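Examining the three-dimensional arrangement
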Amino acid sequence: MSVLVNKNSKIIIQGFTGSEGTFHASQMIEYGTNVVGGVTPGKGGTSHLDRPVFNTVKDAVDQAGADTSIIFVPPAFAADAIMEAADAGIKVIIAITEGIPVADMMKAYDYIKNRDCRLIGPNCPGVITPEEAKVGIMPGFVFKKGKVGIVSKSGTLTYEAADQVVRQGFGITTAIGIGGDPIIGTTTKEAVELLMNDPETECIIMIGEIGGQLEGDAARWIKADGNRKPVVGFIAGETAPKGRTMGHAGAIVGGSDDTAAAKKAIMRECGIHVVDSPAEIGKKVKEVLG
């Protein structure tokens, strides 16, 4: 059992022959991910990295049975790439692209919301189920198979948390980088819910940041769900000045509930094991798992 991607996922890369697509696709293939091809309009019928290139996502679905797509398309065209993937019947769409205009994302979000697909991102590191599938830009060697799930707004902290968990003698079921933009396809709560319902995940790490309500919503859901599995939480951005975007476009404190202190208070009230430094994540996981 895994969440979102596994060894049977049939993965395509949108923006396959570009420099970013080429670099990360070759890393994914080297990891053992089941990459069945890629899409670059106008280059259909050729091959790249020993995989077929298709003109459209629909061709990749029809001819290679693709069910998962990762998007390395420049910001101006990325929302169209998301909508094209949804239209073609792709079930899991992972958008790595950073800097997609908010108006474009609003359109794409509305377009796909009633379709049978799940969008992760944009502006995210992707999803990895260790030793099965790496669909993203994360350093695969950090991740080992195990029983701890990760949900994170931050790419770097995803890898840091995974490394600490592995050093404590545990491993990862699936790590989901949800992205730090104001409009993302899968919220913290939705990603936590996927891991709560995964029988192999015994503990969840939830990494958030200042700005928005996602962590509070997730914490309240975890409490309402009966705290079925222990959750270790961390919020980045404690020292960020008020009203300034820090790092991610979504990391801007709008009201009093958006601060790191307020989010941590809500999480603690909801039974989450909150740490004040990212360096404590692994130790806390060991503590709660015994």
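Here we summarise the structure given alongside this text. (Residues numbered from 1 in each chain as written. Predicted model: local features only at pLDDT ≥ 70, side-chain atom pairs only at ≥ 80, totals over all residues. Heavy atoms only, no water.)

Considerations on the overall build of the protein chain
Put simply, the rule is: In this text, helices come from DSSP runs of H or I with a minimum length of four residues, and strands from runs of E with a minimum of two, each type numbered from the N-terminal end. With a 1.4 Å probe rolled over the protein chains alone, any residue whose accessible area is under 20% of its type maximum counts as buried; one over 50% counts as exposed, and the rest are partly exposed. In this description, contact between two residues means that some pair of their heavy atoms is separated by no more than 4.5 Å. The sign given to each residue is positive for Lys and Arg and negative for Asp and Glu; His and the chain ends receive no count. Positions of charges follow a simple convention, taking NZ of Lys, CZ of Arg, CG of Asp or CD of Glu.
Within the protein chain one finds nine helices and 14 strands. Over its C-alpha atoms, taken along the principal directions, the protein chain stretches across nearly 55 × 40 × 30 Å. Within the span of the protein chain, comprising 290 residues, buried residues form 54% of the whole. The contacts in the protein chain between residues at least 6 apart in sequence include a share of 72% that link residues at least 24 apart. The average position of the 29 basic charges and that of the 34 acidic charges among the side chains of the protein chain differ by 3 Å.

A word on the packing of helix α5 (residues 155-167) against helix α9 (residues 281-289)
The axes of two packed helices give the description: the angle between them and the distance between them. Applied cut-off: Axes, fitted as lines to C-alpha atoms, cover a helix only where it is in contact. Angles between the N-to-C directions of the axes lie from 0 to 180 degrees. These descriptions rest on fixed angle ranges, namely under 35 degrees for roughly parallel, over 145 for roughly antiparallel, 65 to 115 for roughly perpendicular, and the rest for oblique. Should the near helix be turned anticlockwise from the far one by less than a right angle, the crossing is left-handed, and should it be turned clockwise, the crossing is right-handed.
α9 packs onto α5 with a crossing angle of 50 degrees between their chain directions and a minimal axis gap of 8 Å. It follows from the interaxial angle that α5 and α9 lie oblique. Read as a crossing pair, α5 and α9 show a hand that is right-handed. When α5 is examined against α9, the residues Ala161, Gln164 and Val165 are found in contact with a partner set consisting of Ile281, Gly282 and Val285.

With respect to the nonpolar core
Counted only if it meets this: What makes a nonpolar core is a set of buried Ala, Val, Leu, Ile, Met, Phe, Trp, Tyr and Cys residues whose side-chain atoms join them at distances within 4.5 Å.
With 44 residues, the main nonpolar core has Ile70, Ile94 and Ile176 as its most contacted residues. Sequence-distant contacts of Ile70, defined by excluding residues within four places in its chain, comprise Ile11, Ile12, Ile13, Gln14, Met28, Ile94, Ile96, Val135 and Gly136. Phe54, Ala66, Val73 and Ala79 belong to the second largest nonpolar core, which has 29 residues in total.

Examining the packing of aromatic side chains
For any pair of aromatic rings, the description consists of the separation of the ring centres together with the inter-plane angle of the planes. As a reminder, the rule being used: Put simply, two rings from Phe, Tyr or Trp (the six-membered ring, in Trp's case) pair if the centres are within 6.5 Å, and we call them stacked under 30 degrees between planes, edge-to-face over 60, tilted for the rest. Should the NZ of a Lys or the CZ of an Arg lie within 6 Å of a ring centre and within 35 degrees of the ring normal, that charge is described as sitting over the ring.
Under the criterion given, the structure shown has zero aromatic pairs. The cationic tip of Arg115 hangs over the ring face of Tyr111; the distance from NZ or CZ to the ring centre is 4.1 Å.

Some details on the sheet that holds strand β11 (residues 172-177)
Selection rule: Two strands are said to pair when DSSP picks up at least two bridges between them.
Across the sheet, which stays open at both edges, the seven strands sit in the order β9-β8-β11-β10-β12-β13-β14 with mixed pairing between neighbours. Two strands lie at the open edges of the sheet, namely β9 (133-136) and β14 (273-274), each paired on one side alone. Each of β10 (145-152), β11, β12 (203-209) and β13 (231-236) touches helix α6 (residues 188-196); the most contacted strand, β10, lies at about 165 degrees to it.

Some points on the sheet that holds strand β3 (residues 47-48)
Ordered by their spatial adjacency, seven strands build an open sheet running β3-β4-β2-β1-β5-β6-β7, and the pairing between neighbours is mixed. The strands lining the two open edges of the sheet, one partner per strand, are β3 and β7 (118-120). Across three bridges, strand β6 (residues 92-95) lies against β7 in parallel orientation. Note that in β7 the partner of Ile94 across the bridge is Ile120.

On their own, these measurements won't tell you what the molecule is for.
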